[in-house]
Amino acid sequence: MDMFDYIIVGAGTAGCVLANRLSADGSARVLLIEAGGSDRTLWIQLPIGYGRTFFDRRVNWMYDTEAEPALHGRKSYWPRGKVIGGSGSINAMVHVRGQRGDYDDWAAAGNPGWAWDDVLPFFIRSEDHDHGASQWHGAGGPQHVTDISRVAHPLCRRFIAAGEAMGYPFTADFNGPQAEGVGIYQINTRKGRRASTANAYLRPALQRGNLVLRTHAHATRILFEGRRAIGVEYHRRGATVTVGARREVIVAGGSINSPQLLQLSGIGDAALLHSLGIPPLIDARAVGANLQDHLAVSYFYRSSLPTLNDELRPLVGKIRAALRYLFDRGGPLSMSVNQSGGFIRSTATSGRPDMQLYFSPVSYTRSPLSERRLLNPDPFSAFLLSFNGCRPTSRGTLAIVSPDPRSPPSIRPNYLSTEYDIGQALAGSRLLRTLAATAPMAEIITDELVPGRHLQTDAELLDDFRARADTVYHPTSSCMMGPDPATSVVDARLRVHGIAGLRVADASIFPNITSGNTNAPTVMVAEKAAAMILDDARFGQQ
Ligand SMILES: Cc1cc2nc3c(=O)[nH]c(=O)nc-3n(C[C@H](O)[C@H](O)[C@H](O)COP(=O)(O)OP(=O)(O)OC[C@H]3O[C@@H](n4cnc5c(N)ncnc54)[C@H](O)[C@@H]3O)c2cc1C
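Notes on the structure in this doc start here. Just so you know, these numbers come straight off a predicted model, no measurement behind them.

Our next topic: the pattern of salt bridges. Oppositely charged side chains are able to pair whenever their charged atoms sit close together. The full count for this structure, using the stated rule, is 26 salt bridges. Among the salt bridges present, the one from Arg285 reaches Asp283, with a minimum N-O distance of 2.9 Å. By relative accessible area, Arg285 is classed as exposed at 56%. Taking the relative accessible area as the measure of exposure, Asp283 reaches 41% and is therefore partly exposed. Through salt bridges with shared partners, a single ionic network connects Glu248, Arg493, Arg503 and Asp536.

See the structure below:
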């Protein structure tokens, strides 16, 4: 059996960070196992290409949830990267750390070392930020953060003015001293290319002789000796391969596949595992519990001023955008369409921002939003306003339905299962209408295309939310971190409760979902996990 010091399962956002940091000093032999293949394709490297990878089974697990009762029985489509770089290779690149309070909540839930002041150095360490080094930002770190405020679509300024008209402050940096307000999002690109952790962390580390990457290798089981993880079994090109871990196995398969792999390996609800013929190693009911996600809805407006639709829809516009990109790696192809937005308090009594806003100068009313026709928007000038609650309180579940590792698990987000989340759905829908009615917006809006002015009452707006709201692709917390093995999966050092030599380090460990987009927090989690793993190795732990 081939032996390694560390085996990392999943070369996604977190796995690429871990592979780099754990192999850095050359002393440990590290294996990175990835079910997908290469990320060297145009539609992954070109920032706006995420519209194309959204439904591409070659790089995407393409999950569906179960029918959600609160969404009128609709299933939600959950894309997840199955490729080097993981979901970070197919995401919209918006770079948001979240709020100080998110991490202070993590620490207050019994996770020492995860308060904002503890995690800020790991955010900074990861960054090569356009703003340069400061007490808030890093320079010279692996992942580039681009400030697009000078090149964002001009209508973003109008959105900001609309926010200011509602009393929200302008912020020049959601990741700086003032996370609250309206402004322009920063994105993970470098010189017009996607700055996934695959590009930022993994690629340079692959030069090292002590790091081995195995692609198209689907981990099917963690191997144990008693209650210690000692290796991994994976399938590759029709063969079953086992590899051994001298020190640790680190699961970084993301919020869907990490709990799935634990359950397949005998770490999960014992009754569920028994029913599927999997001998439980321990009864760990929290595996797959506590799943969280952000649920958003968009309102579409016809505009009297040109939007990205006018640039991206016509063939001549596409050619112009392509030439612009080839010329200086700039223009709309070098960005996300989510260019501006905000974190605002929806009521006077909200203690901190509780709603995230998006203004995207583009619309797709002729096709469902879920189809992401970024390069084929509507054939007229229009834009969208969107919101999601920052910290939903609904929690869902994830469970394997078969001992076959190729079977997708059953995903039940349980959206809108609390009064708080229902209240936010209604408040946010009303808030979008109020934003649209401010002078800077009303001056250019000629029509509300979707849902349409005929919907006015609370019942109608809530019904519309249930009919159209959908994920913004941020599942977290399915292997939640916490002190109590009855309610959580990993401890504050990300060690699986009750098992030696096994950690989980990805978005699944978030004790609660962060207030914004989840990629940057996942990078931070992986940076901190790597530091803890190296520390523990130094002191002979695990
Ligand atoms: C369409 C989309 C848009 C998004 N937009 C944004 C955004 O703009 N900003 C933002 O901050 N976040 C965004 N996100 C969310 C963000 O990308 C994720 O939160 C983040 O990538 C999660 O990282 P992870 O390491 O937990 O999982 P992933 O990055 O998903 O990595 C998991 C990896 O493990 C591999 N794997 C899984 N199981 C196995 C197995 N059994 N064997 C081998 N390999 C395995 C997978 O193939 C994958 O490569 C978006 C996500 C999507 C899908």
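Tallied over the full model, the rule gives 18 aromatic pairs. With centroids separated by 5.1 Å and ring planes inclined at 85 degrees, the aromatic side chains of Phe54 and Phe55 adopt a geometry described as edge-to-face. Look at Phe54 and you get buried, because its relative accessible area is 4%. With a centroid separation of 5.4 Å and 75 degrees between ring planes, the pair formed by Phe54 and Tyr77 is classed as edge-to-face. Of the two residues, Phe54 sits in the loop between α3 (50-53) and β3 (63-64) while Tyr77 sits in strand β4 (residues 77-78), which places them 23 residues apart along the sequence. Put simply, the rings of Tyr103, Trp106, Trp114, Trp116, Phe123 and Phe510 pair up and form one aromatic cluster. When the ring centre of Trp61 is taken as origin, the NZ or CZ atom of Lys82, which lies over that ring, is 4.4 Å away. For Lys528, the ring lying beneath its charged end belongs to Trp114, and the centroid distance is 5.0 Å.

In this section: helix α6 (residues 155-165). Three or four residues apart is the spacing at which side chains of an α-helix point the same way, because the helix has 3.6 residues per turn. Taken as a whole, α6 has its buried residues at Leu155, Cys156, Phe159, Ile160, Ala162 and Gly163. The arc enclosing the buried residues of α6, seen along the axis, measures out at 155 degrees, which places them on a common side. At the C-terminal side of α6, Gly167 shows a positive phi close to 95 degrees.

Residue Pro451 is bonded to the preceding Val450 through a cis peptide linkage, with omega at 5 degrees. By the secondary structure assignment, Pro451 is in the loop between β24 (445-450) and α14 (458-468). Look at His216: it is not a glycine, yet its phi comes out positive at around 50 degrees. By the secondary structure assignment, His216 is in the loop between β12 (211-214) and β13 (217-225). On the basis of relative accessibility, which here comes to 41%, the residue His216 falls in the partly exposed class. Non-glycine residue Leu494 carries a positive phi angle of around 65 degrees. Relative to the assigned elements, Leu494 resides in the loop between β25 (470-471) and β26 (502-504). Among the residues examined, Leu494 registers a relative accessible area of 0% and is labelled buried.

What follows concerns the packing of helix α1 (residues 13-23) against helix α7 (residues 197-205). As a packed pair, α1 and α7 sit with axes 8 Å apart at the nearest point and diverge in direction by 30 degrees. As far as their axial angle goes, α7 and α1 are roughly parallel. Handedness of the crossing formed by α1 with α7: left-handed. Judged by residue contacts, Thr13, Cys16, Val17, Ala19, Asn20, Arg21 and Ser23 of α1 engage Thr197, Ala198, Tyr201, Leu202 and Ala205 from α7.

Take the site of the ligand next. Inspection of the region around the ligand gives 38 residues, with Thr13, Glu34, Ser87, Thr518 and Asn519 positioned closest. Here an oxygen atom of the ligand and a backbone polar atom of Gly81 are 3.3 Å apart. Relative to its unbound accessible surface of 1000 Å², the ligand loses 98% to contact with the protein. For the shell around the ligand, the secondary-structure elements that each account for two or more residues are α1, β13, α8 (254-264) and α15 (519-538).

On to the sheet that holds strand β5 (residues 94-95), then. The strand order β5-β9-β7-β6 describes an open sheet built from 4 strands, whose pairing is mixed. Each having just a single partner strand, β5 and β6 (127-129) make up the two edges of the open sheet. As judged from the 3 bridges shared by β6 and strand β7 (residues 143-147), these two strands associate in the parallel manner. Counted as the bridge partner of Asp128 is His144 from β7.

Scoring rules and cut-offs
- Residues numbered from 1 in each chain as written.
- Predicted model: local features only at pLDDT ≥ 70, side-chain atom pairs only at ≥ 80, totals over all residues.
- Heavy atoms only, no water.
- Salt bridge = Lys/Arg side-chain N within 4 Å of Asp/Glu carboxyl O.
- Buried < 20%, exposed > 50% of the residue type's maximum accessible area, 1.4 Å probe, protein only.
- Phe/Tyr/Trp six-rings, centres within 6.5 Å; stacked < 30°, edge-to-face > 60°.
- Helix = DSSP H or I, 4+ residues; strand = E, 2+ residues; numbered from the N terminus.
- Lys NZ or Arg CZ within 6 Å of the ring centre and 35° of its normal.
- Arc of directions from axis to C-beta.
- Axes fitted to C-alpha atoms, helices over the stretch in contact; angles between N-to-C directions.
- Parallel < 35°, antiparallel > 145°, perpendicular 65-115°, else oblique.
- Left-handed = near helix turned anticlockwise from the far one by under 90°.
- Contact = heavy atoms within 4.5 Å.
- Near = heavy atom within 4 Å.
- Polar contact = N/O pair within 3.5 Å; in protein donor to acceptor, adjacent residues only side chain to side chain.
- Areas by Shrake-Rupley, 256 points an atom, 1.4 Å probe, with all protein chains shown as cover.
- Pairing = 2+ DSSP bridges.

Any link to function would need more than the numbers given here.
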